[in-house]
Amino acid sequence: MSTNKPTGAQLVISTLKALGVDVLFGYPGGAIMPIYDALAGSGLRHILVRHEQGASFAADAYARATGRVGVCMATSGPGATNLVTGIANAYMDSVPMVCITGQVGTSLLGTDGFQEVDLIGMTLPIVKHSWLVRDPAQIPSVIARAFAIAKEGRPGPVIVDIPKDVAASFVEVSDMGELPAYVPPAPDMKAIAAAASMIENAKKPLFYIGGGVHMAEADQELRDLVARTGIPVVSTLKGIGTISTYEDLYLGMLGMHGTRAANIAVNEADLLIAIGARFDDRATGKLSAFAPNAKIVHFDIDPAEINKTRRADVAVIGDLKIALPALNPKIGDLSEWVKFNKDNKWQHRFKYDAPGKGIYAPALLKSLSEKAGEKFIVACDVGQHQMWVAQHCEFTQNRAHLTSGGSGAMGYGLPAGMGAKLALPDHHVVTVSGDGSFMMNIQEMATLRRYGIPLKIVLLDNSSLGLVRQWQELFYEENYSEIDLSDNPDFVEVAKAFGISAFRITLRHEVEGAIDRLLAADGPTLLHVLIDPRENVWPLVPPGASNTEMMEERWDESIDSY
Amino acid sequence: MSQLIRIEIDRLEGTLLRVLGLIERRGFHIDGLELTGIDEDTRLATITVRPRDEKRSIDTLGLQIDRLYGIKRLKGPKTAAAEDQQKISA
């Protein structure tokens, strides 16, 4: 046995370095020990999380914030299954991520060995691709291919599962090999011409943009398109930030918790131009009533999204970075349509003068985003606070709104904020969480402390599972079932026990000073905000209803159509 | 209405499972499956599928199969997107 030859594990590390990985998130254990042995002293920066789910969420957010591939690592069995929620999250939101997992030795595979689970089998529906590597010589080429697949076309998570003996064995050949160069599919110029012609003939055209725009790094191309056409824009949850929220033609998010102006626009439009969006049910509401007067032009890199739920009249398949600049319709007079939408936007603007002395979370979040400015990046958890961020925060930059969209995974916020702050240390990265979500990965405060990651945390605490409570109030006859969290621990004391600075506010007049203090703090800091548990997210489209049947905050809180 | 999908599958671990799992997960019954060898690296799978309800689009299923790595679709539903492209070209 020659010691000059590398082991499979050493090839894992050298390949990651060769691919330009600067940080990875993980947790060691039995089957992945050879890889951690090779990691020590390699110069590769590894962040030891306190639960593997934290590693997968942190890698996901690293990828969302930078556009680069996020990397996480875990051992076999429970280590690997703890990654699974994060893998599903990355799959649903098309995030480029590579997970490297240890696996039991090949002779134990299929024998119910200690800490054996069939990770490849259990993740088939939630990965873009996966490998169980049986030949150590293939490790470099497989990992290189995994990175390429994660990133190319519509991005997604890729798993490389490596049995312990494969990682430990010495290898003769060790080369990444040549990867076929990826060329993004060029859109069909005839289809673009057809799209332009439909736009020219439309009286009420509307852009409906999604997360695909920033994933294609076509933000500027989209902003230019909006500027040269003057067509109003609505966004999905994941598309937020692609267009500045200060842009006149931007009407806000559509869908269940969307703005009234956005949902009215979709309802009235005679042409909906979907760009990197997938007609998700939270965006469309009742599908048969969605954009009832509109023809559809659909731009996407993934042909499988065309006609999946709503038939497109014209489809442009390919790279948005090429397609959008090529779209040059001769626009007629849209002034009446634009005025109609701007009037709605003004008439149905959010109001922040809520009665009382208690803290009004929407106003706090708006102020937070304004004070943090262009360097603001928010990592949300899931629930009412997440919808308030989407509705009320101002964004001028893309990749600044990190949120678990398709998956809706509570527990995302803290590890995601951690991943984003490590990726972009000069930004104001703020995790906005709720008291339910925060407890799901609260252990990662130890990781913040260990590495001194100066993440800021705003914890909006209504002592309940607020969004579930809201639905029970509105749709289950106030039959409140298992939503009370009034016995939460003292979050300020908990944070301090982890070594994180923390302070609490309870009254409205404390808000501005607290935000200033939070943003100016040097180290990781938690702001604990007590809010009224009765506060709801408005407006709201009831489940199964059309997006025009929005419930508003009123004295009688009745459903009304516009 | 049943429809035949014919695909070339690389002889790699898990590839067949990926295809069959996807078909069931996306709302289709598998009524028939025939697997034959083409060469050392490739097998030919002929799969008869039937949608569970009328909302399931077989065109979309074909495109979702195309997204998998290690397979090549030879015969199956023509894509609606391709039809659109043809209409535009015509």
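Fair warning: this is a prediction, and the values are worked out from it, not measured in the lab.

What counts and what doesn't
Residues numbered from 1 in each chain as written. Chains lettered and ligands numbered in written order. Predicted model: local features only at pLDDT ≥ 70, side-chain atom pairs only at ≥ 80, totals over all residues. Domains from an automatic or database assignment. Contact = placed C-beta atoms within 7 Å. Helix = DSSP H or I, 4+ residues; strand = E, 2+ residues; numbered from the N terminus. Nonpolar A, V, L, I, M, F, W, Y, C, P; charged D, E, K, R; others polar. Buried ≥ 20, exposed ≤ 12 C-beta atoms within 10 Å, placed from the backbone. Core = buried A, V, L, I, M, F, W, Y, C linked by C-beta atoms within 7 Å. Pairing = 2+ DSSP bridges. Right-handed = clockwise from strand over helix to strand, strands pointing away. Axes fitted to C-alpha atoms, helices over the stretch in contact; angles between N-to-C directions. Parallel < 35°, antiparallel > 145°, perpendicular 65-115°, else oblique. Left-handed = near helix turned anticlockwise from the far one by under 90°.

**Q** What should I look at first to understand the domain arrangement of chain A in this one?
**A** Interfaces are frequently sized by the accessible area removed from exposure as the parts join. Residues and elements named next belong to chain A. The domain boundaries assigned to chain A delineate domain 1 (8-168), domain 2 (189-347) and domain 3 (361-530). Distance from the C-alpha centre of domain 1 to the C-alpha centre of domain 3: 28 Å. Between domain 1 and domain 3, the contact holds 23 residues from the first and 25 residues from the second. When residues of the side of domain 1 that touches domain 3 are traced back to their parent elements, those giving at least two are strand 1 (23-26), helix 3 (52-66) and helix 4 (78-92). Looking at the side of domain 1 that touches domain 3 element by element, the count peaks at 11 residues for helix 3. Broken down by class, the residue content of the side of domain 1 that touches domain 3 amounts to 12 nonpolar, seven polar and four charged.

**Q** Just checking my understanding: could you explain helix 16 (residues 384-392) of chain A for this structure?
**A** An α-helix turns once every 3.6 residues. As a result, residues three or four positions apart point the same way. Residue and element names in this part refer to chain A. With nine of nine residues buried, helix 16 is to be regarded as a mostly interior element. Of all the residues in helix 16, the buried ones are Gln384, His385, Gln386, Met387, Trp388, Val389, Ala390, Gln391 and His392. In this structure, the buried residues of helix 16 make contact with strand 9 (250-253), helix 15 (361-372), strand 13 (376-380), strand 15 (428-434), strand 16 (456-461) and helix 20 (466-475).

**Q** In this structure, what is going on with the nonpolar core? I would like to understand it.
**A** Soluble, globular proteins show a tendency: their nonpolar side chains are buried together. Judged by nonpolar contacts, the single largest core of 180 residues is most densely connected at Val12, Ala58, Val98, Leu206, Leu272 and Val378 of chain A. No other element matches helix 3 of chain A, which puts eight residues into this core. With residues near it in sequence (within four places) discarded, Val98 of chain A still touches Val69, Val71, Ala146, Phe147, Ala150, Val158 and Val160 of chain A. Formed by 10 residues, the second largest nonpolar core is a distinct cluster that contains Ile7, Ile47, Val49 and Ile65 of chain B.

**Q** What is the right way to look at the pairing of strand 6 (residues 157-163) of chain A in this model?
**A** Residues and elements named next belong to chain A. In terms of burial, strand 6 is a largely internal element, seven of the seven residues being buried. Residue alternation in strand 6 divides its side chains into two sets, Pro157, Ile159, Asp161 and Pro163 and Val158, Val160 and Ile162, and both sets are buried. Bridge count for strand 4 (residues 97-103) against strand 6 is seven bridges, and the pairing is parallel. Looking at the pairing, Gln103 lines up with Pro163 of strand 6. Where the polypeptide runs from strand 5 (residues 129-132) across helix 6 (residues 139-151) and back to strand 6, its parallel neighbour, the crossover connection is right-handed.

**Q** I would appreciate a short explanation of the packing of helix 15 of chain A against helix 22 (residues 511-520) of chain A in the present structure.
**A** For any two helices packed against each other, the geometry comes down to the angle between their axes and how far apart the axes lie. Residue and element names in this part refer to chain A. Packing of helix 15 against helix 22 leaves a shortest axis separation of 10 Å and a crossing angle of 40°. Taken together, the axes of helix 15 and helix 22 lie oblique to each other. Relative to helix 22, the crossing made by helix 15 is right-handed. For the pair helix 15 and helix 22, contact is made by Leu364, Ser367, Leu368, Lys371 and Ala372 and by Val511, Glu512, Ile515, Asp516 and Leu519, respectively. Counted by class, the contact of helix 15 with helix 22 contains six nonpolar, one polar and three charged residues.

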